[in-house]
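Given next are the chains, with one letter for each unit.
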2 protein chains.
Amino acid sequence: MVKKTDATMRDVARLAGVSVATVSAVINGTATVSAQRAQKVRAAAESLDYHADQIARSLKTGRSNVVGVVIPDITNAFYPEVISGAEEVASQAGYSLILCNANEDPRQEQRLLSTLFSHRVDGVLVACSDSSTAYDSLVRRRFPIVFFDRIPQGFRGSAVSTDNFSGGLEATRHLIGMRHTRIAIVAGRSTLSTHADRLEGFRKAMQEAGLPVRDESCRVGGLTIDSGYEFGLELLRLPEQPTAVFCTNNKMLLGFLRAARELGVACPERISVVGFDDYAWTENFHPQLTIVAQPTREIGRQAMTLLLTRLQALREGSRSHDNHVIVLQPELRVRQSTAGLL
Amino acid sequence: MVKKTDATMRDVARLAGVSVATVSAVINGTATVSAQRAQKVRAAAESLDYHADQIARSLKTGRSNVVGVVIPDITNAFYPEVISGAEEVASQAGYSLILCNANEDPRQEQRLLSTLFSHRVDGVLVACSDSSTAYDSLVRRRFPIVFFDRIPQGFRGSAVSTDNFSGGLEATRHLIGMRHTRIAIVAGRSTLSTHADRLEGFRKAMQEAGLPVRDESCRVGGLTIDSGYEFGLELLRLPEQPTAVFCTNNKMLLGFLRAARELGVACPERISVVGFDDYAWTENFHPQLTIVAQPTREIGRQAMTLLLTRLQALREGSRSHDNHVIVLQPELRVRQSTAGLL
DNA sequence: TGCGTAAGATGAAACGTTTCGATTTTTGCC
DNA sequence: GGCAAAAATCGAAACGTTTCATCTTACGCA
């Protein structure tokens, strides 16, 4: 026998012989109800397989127990890993995740945010598709938002990211320490904090060592495997071929490696390569990669924790600082893709 | 100047000097409204930055424009890729995705489904964590559900998957064609359709060739990198070491490769390896992997399309067959990790 | 015994939409 | 110009909760 429609609070109330308000009180534990009636209500709910309707609840309370997560590129393995951390924390706290993929398109991102708002999400986690001032209004409205990984320029609010400057610095110092002098960089759009910071770290290290950063060996602007590949071809065909390269994300790194393989430029013999983001599967790479590893899942965990803390404070009406910035340290893992010169 | 709270339909109605019903009609285009008033309403909505409240809308209509997606393991690169396909189709149709990670735990999966229902999702996509009869009630209730990848045993309903039997068959035939006779298999839990089918394909190929499937070279039950590693150690320490192995998923494959590397068993010289799931990054593997590739994103696209079609039929009250099964063909990609014997 | 009080229980009003039947206005036609 | 029909508009109920003010009950104590 199948019910036509799900049981409602009224059904439970009727069956238990109490008022709807009492059922609500029992379900939420918001008021004292005699043990006897509470028991009756629970039994009734059980037998009707009653499940509170979150939609109705949200409409009334203005809270949804859902948080939105907006990422720029779901096919970049970095983000699913972050999400996994965020999901872990969220589900433990009884929150669900609405996942949105902006496809590196700021306009799409705006649309997604707007959809999220109309679904009344309690807060959002965003890795932005491009730096923009569109977030300012959110912050001004004091809407609970936490940025992770990519943080808008000049953003004042909560955020979690890796110390990308330091990552770029260490990666480059490592190359320099191996006596490389013609060092190239393949970097993402400079409007993205992550890539801009890594590039800055690179510049700083070069400057420290008194090495010039020449325009032709400084390729900025891609993000994809293909762009890494194109940049790779260009760099490896330079009259003064670089002996080392720093790729600021994993996808461009893959593209660069493809270019090197195609041109028959051996790594690390003729080109040392250091990239970003470490994964279980890179242990099978040949050569194994020297990499700046980010605490990926931890970024997700921390960002979600920050957001949930904020939400709780909001619920309890207590004061919370909404510009908590967490910077996690990356770790340079030296393996085989970088080798000393001479 | 910032509004205390979001503008509601009533606000728009007031400003436009019309009734709430008229505003609704304009927003949804459900009734004919004179051009003049429609214009006024739109202007008012614009100026108030009005956005319809999906929550209230859902409560009234019983529809949420949200679909749930439940996967067993978000850290398995296969699923994010499927999701990316599903997300693409969904967002084009104006649907959002609630993503849930069951962590290979059927009880967690049940909890997640229950949460999804209370959020009134319009339908769900599920890759099950374990075969169970708990889905029967869903199907009986005719709740819109589409399974993908992993399909519960005996399930009668809509589903999208790869032809896993054929995948296992081809992979094994390939090894046999290279004159291997001592062929091992590292497979996932046999309660999972994917792994069971791949194992069946393996058995069939072995039987065709008149080769015995010995218990000790048939490791069934893991899913993770670690279990692939453990199985790998066991298999490679067998007195009669297998000369080839078929791993039924990408994670176990990674584990197996680690074991081989650790024991110094060269691939493909001493062990040929074929696995499942191809990725952009495997091109950097050494050796490059012979792999059964699934049309991963396509699985996501098709599954979501199936679900949305069903939802549309439901909305329009038209009849739809709710047991549409789509089986996509995998493709064996022969590369360097398998080599001929003798 | 009676009274004050606290605990328990409840009815009804929201929350922001959609939708339907009723009402008003416009249109077309003889 | 009058009338029927079509078009446009509207008021109000409903969706399933939460919550608050109100009402009832029971208990302890003088």
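Rules used in this analysis
Residues numbered from 1 in each chain as written. Chains lettered and ligands numbered in written order. Predicted model: local features only at pLDDT ≥ 70, side-chain atom pairs only at ≥ 80, totals over all residues. Heavy atoms only, no water. Domains from an automatic or database assignment. Pairing = 2+ DSSP bridges. Helix = DSSP H or I, 4+ residues; strand = E, 2+ residues; numbered from the N terminus. Axes fitted to C-alpha atoms, helices over the stretch in contact; angles between N-to-C directions. Contact = heavy atoms within 4.5 Å. Core = buried A, V, L, I, M, F, W, Y, C linked by side-chain atoms within 4.5 Å. Buried < 20%, exposed > 50% of the residue type's maximum accessible area, 1.4 Å probe, protein only. Least-squares fit on C-alpha atoms with pLDDT ≥ 70 in both. Right-handed = clockwise from strand over helix to strand, strands pointing away. Expected span 1.5 Å × (residues − 1). Parallel < 35°, antiparallel > 145°, perpendicular 65-115°, else oblique. Near = heavy atom within 4 Å. Polar contact = N/O pair within 3.5 Å; in protein donor to acceptor, adjacent residues only side chain to side chain. Buried area = accessible area lost by both parts, 1.4 Å probe. Salt bridge = Lys/Arg side-chain N within 4 Å of Asp/Glu carboxyl O. Nonpolar A, V, L, I, M, F, W, Y, C, P; charged D, E, K, R; others polar.

Peer 1: I would appreciate a short explanation of the domain arrangement of chain A in the present structure.
Peer 2: How big an interface is tends to be stated in terms of accessible area lost as the parts join. Taken domain by domain, chain A consists of domain 1 (9-52), domain 2 (64-162 + 297-328) and domain 3 (164-276). Put simply, the middle of domain 1 of chain A and the middle of domain 3 of chain A, counted by C-alpha atoms, are 64 Å apart.

Peer 1: Which parts of the structure should I look at to understand the sheet that holds strand β9 (residues 272-276) of chain A?
Peer 2: For sheets, the rule is that strands pair by backbone hydrogen bonds, running either parallel or antiparallel. Residues and elements named next belong to chain A. In spatial order, the strands read β7-β6-β8-β9-β10-β12; together these six strands make up an open sheet with mixed pairing. At either margin of the open sheet sits one strand with a lone partner, and together these are β7 (218-222) and β12 (331-333). When strand polarity is set aside, the average angle formed by the axes of neighbouring strands in this sheet is 15°. Two elements, strand β6 (residues 183-188) and strand β8 (residues 244-247), share four bridges in a ladder whose sense is parallel. In the strand pairing of β8, Ala184 is matched with Val245. Its contacts with the sheet place helix α9 (residues 193-208) against β6, β7, β8 and β9, and it is angled at close to 165° to β6.

Peer 1: Hey, could you run me through the nonpolar core in this one?
Peer 2: The tendency in soluble globular proteins is for nonpolar side chains to be buried side by side. By size, the foremost hydrophobic cluster in this structure holds 106 residues, and its most contacted members are Met304 of chain A together with Met304 of chain B. Apart from the residues lying within four places of it in its own chain, the contact partners of Met304 of chain B are Val67, Ala86, Val89, Ala90, Leu97 and Leu125 of chain B. Grouped together as the second largest cluster of nonpolar side chains are 40 residues, Phe155 of chain A together with Ile98, Ala102 and Ile151 of chain B included.

Peer 1: How do you make sense of the relation of the copies chain B and chain A when you look at a structure like this?
Peer 2: Relating one copy of the chain to the other takes a rotation about an axis and a shift parallel to that axis. In screw terms, the move from chain B to chain A is a rotation of 180° and a rise of 0.0 Å along the axis, fitting with an RMSD of 0.0 Å. Overall, the copies show the geometry of a two-fold rotation axis. Looking at the interface residues of chain B, 100% of them are also at the interface in chain A, so both copies use one shared face.

Peer 1: What am I meant to see in the side chain of Gln241 of chain B here?
Peer 2: All names here are of chain B. Topologically, Gln241 is positioned in the loop between α10 (225-236) and β8 (244-247). You can call Gln241 buried: its relative accessible area is 17%. Beyond its immediate chain neighbours, meaning those up to four positions away, Gln241 contacts Arg182, Leu235, Leu236, Val265 and Arg270.

Peer 1: Please explain the pairing of strand β2 (residues 96-101) of chain A as it appears in this structure.
Peer 2: Two faces belong to every sheet, and in a regular strand the side chains alternate between them. Among the six residues of β2 of chain A, six are classified as buried, and the element is accordingly described as predominantly covered. Across the two faces of β2 of chain A the burial is the same, with Ser96, Ile98 and Cys100 of chain A and Leu97, Leu99 and Asn101 of chain A all buried. Where strand β1 (residues 66-71) of chain A meets β2 of chain A, six bridges bridge the pair, whose relative direction is parallel. Residue pairing for β2 of chain A: Val67 of chain A is matched across the bridge by Leu97 of chain A. Remark: the β1 of chain A/helix α5 (residues 78-92) of chain A/β2 of chain A crossover connection has right-handed handedness. Note that β2 of chain A and strand β2 (residues 96-101) of chain B share three bridges and pair antiparallel. By the bridge assignment, Leu97 of chain A is partnered in β2 of chain B with Leu99 of chain B.

Peer 1: Explanation requested: helix α8 (residues 164-177) of chain B in the structure shown.
Peer 2: At 3.6 residues per turn, the α-helix brings residues three or four places apart onto the same side. Residue and element names in this part refer to chain B. Taking 1.5 Å per residue as the helical rise, α8 with its 14 residues ought to reach 20 Å, and the 19 Å between its terminal C-alpha atoms agrees with that figure. With ten of 14 residues buried, α8 is to be regarded as a mostly interior element. Note on α8: the residue one or two positions beyond its end, Arg179, has a positive phi of about 75°.

Peer 1: Sorry, what's going on with the packing of helix α1 (residues 9-16) of chain B against helix α2 (residues 20-28) of chain B here?
Peer 2: The description of two helices packed together rests on the angle between their axes and the distance between the axes. All names here are of chain B. Running from amino to carboxyl end, α1 crosses α2 at an angle of 105°, the nearest separation of the two axes being 8 Å. By the criterion of interaxial angle, the relationship of α1 to α2 is roughly perpendicular. Contact residues: α1 offers Met9, Arg10, Val12 and Ala13, while α2 offers Val20, Val23, Ser24 and Ile27.

Peer 1: How should unusual backbone geometry be read in this particular structure?
Peer 2: What you tend to see is this: most non-glycine residues have negative phi, and most peptide bonds are trans. Of note, the amide linkage connecting Cys267 of chain A to Pro268 of chain A takes the cis form, showing an omega dihedral of 10°. Structurally, the position occupied by Pro268 of chain A is in the loop between α11 (250-263) and β9. Look at the link from His286 of chain B to Pro287 of chain B: it is a cis peptide, with omega at -5°. Within the fold, Pro287 of chain B resides in the loop between β9 (272-276) and β10 (290-293). Residue Asp149 of chain A is not a glycine yet carries a positive backbone phi of 60°.

Peer 1: I keep staring at the protein's contact with DNA strand C and nothing clicks. Help me out?
Peer 2: Neighbouring DNA strand C are 24 residues; Thr22, Thr32, Ser34 and Arg37 of chain A together with Ser24 of chain B lie closest to it. If you look at DNA strand C and keep only atoms within 4 Å of the protein, 75% of those are sugar or phosphate atoms. Between DNA strand C and the protein, one listed contact pairs a phosphate oxygen with a side-chain N or O atom of Asn28 of chain B at 3.1 Å. Tyr50 of chain B is positioned such that a nitrogen or oxygen atom in its side chain is 3.0 Å from a phosphate oxygen of DNA strand C. Looking at the surface near DNA strand C, the elements with two or more residues in it are α2 (20-28) and α4 (54-61) of chain A together with α1, α2 and α4 (54-61) of chain B.

Peer 1: Looking at this structure, how should I read α11 of chain A?
Peer 2: Residue and element names in this part refer to chain A. Its 14 residues give α11 an end-to-end C-alpha distance of 20 Å, which sits within 8% of 20 Å, the value for a rise of 1.5 Å per residue. Looking at α11, one finds that the buried residues are Asn250, Lys251, Met252, Leu253, Leu254, Gly255, Phe256, Leu257, Ala259 and Ala260. With a side-chain oxygen positioned 3.3 Å from the backbone nitrogen of Lys251, the residue opening α11 is Asn249. After α11 finishes, the residue Gly264 shows a positive phi value of roughly 70°.

Peer 1: What am I meant to see in the interface of chain B and chain A here?
Peer 2: Counting from both sides, the interface comprises 46 residues of chain B and, opposite them, 46 residues of chain A. Regarding the contact of chain B and chain A, the summed buried area is about 4100 Å², with carbon and sulfur atoms giving 58% of it. Ranking the residues of chain B by area buried against chain A places Ile55, His119 and Asn284 of chain B at the top, with a combined share of 16%. Applying the counting criterion to the chain B and chain A interface returns eight salt bridges. In this structure, the salt-bridge partner of Glu283 of chain A is Arg258 of chain B, at a minimum N-O distance of 2.6 Å. Linking chain B to chain A there are 18 residue pairs in polar contact (both at pLDDT 80 or more). Looking at the side of chain B that touches chain A, the elements with two or more residues in it are α4, α5 (78-92), β2, α6 (106-118) and α11 (250-263) of chain B. With six residues, β2 of chain B is the largest single contributor of residues to the side of chain B that touches chain A. Among the residues forming the side of chain B that touches chain A, the class breakdown is 19 nonpolar, 18 polar and nine charged.

Peer 1: Looking at this structure, I do not really get the protein's contact with DNA strand D. What am I missing?
Peer 2: Taken together, 23 residues surround DNA strand D, and among them Ser24 of chain A together with Thr22, Thr32, Ser34 and Arg37 of chain B come closest. Across the atoms of DNA strand D situated within 4 Å of the protein, the share located in sugar and phosphate is 74%. Between Ser24 of chain A and DNA strand D, the recorded distance is 2.8 Å, taken from a side-chain N or O atom to a phosphate oxygen. In this structure, Ser34 of chain B approaches DNA strand D through a main-chain N or O atom, which is 2.8 Å from a phosphate oxygen. Among the secondary structure elements, those contributing two or more residues to the surface near DNA strand D are α2 and α4 of chain A together with α2 and α4 of chain B. Partitioned by chemical class, the residues of the surface near DNA strand D number nine nonpolar, eight polar and six charged.

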